[in-house]
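Fold and geometry: a report
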Amino acid sequence: MKGVFLTLEGLDGSGKSTQARLLARFLEERGLKVRLTREPGGGIEVRSLLRGDLSPEAEYLLFSADRAEHVRKVILPALEEGAFVVSDRYLDSSLAYQGYGRGLPLPWLEEVAERVTLGLRPHLTFLLDLPPEEALRRIGKRAKDRFEEEGLAFFRRVREGYLHLARLEPGRFVVLDATRSVGEVQGEIRTHLKALLP
Ligand code: TMP
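These notes cover the structure that comes with them. Only a predicted model underlies this, so the values are computations on that prediction, with no experimental measurement involved.

What counts and how
- Residues numbered from 1 in each chain as written.
- Predicted model: local features only at pLDDT ≥ 70, side-chain atom pairs only at ≥ 80, totals over all residues.
- Heavy atoms only, no water.
- Core = buried A, V, L, I, M, F, W, Y, C linked by side-chain atoms within 4.5 Å.
- Buried < 20%, exposed > 50% of the residue type's maximum accessible area, 1.4 Å probe, protein only.
- Contact = heavy atoms within 4.5 Å.
- Axes fitted to C-alpha atoms, helices over the stretch in contact; angles between N-to-C directions.
- Helix = DSSP H or I, 4+ residues; strand = E, 2+ residues; numbered from the N terminus.
- Parallel < 35°, antiparallel > 145°, perpendicular 65-115°, else oblique.
- Left-handed = near helix turned anticlockwise from the far one by under 90°.
- Nonpolar A, V, L, I, M, F, W, Y, C, P; charged D, E, K, R; others polar.
- Salt bridge = Lys/Arg side-chain N within 4 Å of Asp/Glu carboxyl O.

What follows concerns the nonpolar core. Core analysis: the largest hydrophobic core is formed by 57 residues, its most contacted members being Leu6, Leu23, Leu27 and Phe126. Setting aside anything within four residues of it in sequence, one finds Leu23 in contact with Leu6, Leu8, Val86, Phe126, Gln186, Ile189 and Leu193.

Moving on, we get to the packing of helix H2 (residues 56–80) against helix H4 (residues 106–116). Close contact between H2 and H4 brings their axes to 9 Å; oriented N to C, the two are set at 25°. Classified by the angle their axes make, H2 and H4 are roughly parallel. Seen along the crossing, H2 lies across H4 with a hand that is right-handed. Residues Glu57, Tyr60, Leu61, Ser64, Arg67, Ala68, Val71 and Arg72 of H2 form the contact with H4, whose own contacting residues are Trp108, Leu109, Val112, Ala113, Arg115 and Val116. Across the contact of H2 with H4, the residue classes tally to 9 nonpolar, 1 polar and 4 charged.

On to the pattern of salt bridges. Evaluated as defined, the whole model comprises 13 salt bridges. Note that Arg102 and Glu59 form a salt bridge whose closest N and O atoms lie 2.8 Å from each other. With Arg102 in the loop between helix H3 (91–101) and H4 and Glu59 in helix H2, the pair connects residues that are 43 residues apart, well separated along the chain. A salt bridge links Arg172 to Glu169, with the nearest nitrogen and oxygen atoms 2.9 Å apart. For Arg172, a relative accessible area of 7% gives the class buried. What emerges from the salt-bridge pattern is a single network uniting Asp92, Glu169 and Arg172.

So, in structure tokens, the structure goes:
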């Protein structure tokens, strides 16, 4: 494996997508090969299937179907070519949302994920941490999706889940205060990335 796998995680409204774009541009400007990608939708477009009253299990398996394709068709081939892969969400989203948020048992999620991802884990994960109240305030301006309708209690569980995951793997996670400006957050991301740059 020659490339570097980076992921961005956080609540809806945490600014992940903006930070992922800025990060990809920063790496490209340094002449590095970059593959900017995302979940859901990196492998199979599952978004239209995630509507309606779905069980948490069905939800997880749909995200997993997307992820299985994403890993095999997009992420691993790019890493083999030596690229920096920047993914806006990956497995930690499922652990936080379907595990801590919806209450599915983590051992089952992990067992399925091991097979789905072929054991692939990010080298570094930037967690854009945001109080749930602020996340809801920010996305209030956008169209609400199925999770956003769940409200504050759900977002609290997801945020605590993310922070717990970060405590379990302090070597992989970088927790960033996402209430700061876009520029400040990006600056901190770049600082942490230096060790991985050629
Ligand atoms: P997005 O807003 O980043 O496109 O993500 C869509 C929603 O899907 C977001 O609320 C997080 C949720 N999600 C999960 O619940 N589990 C997952 O595994 C992924 C990838 C996303």
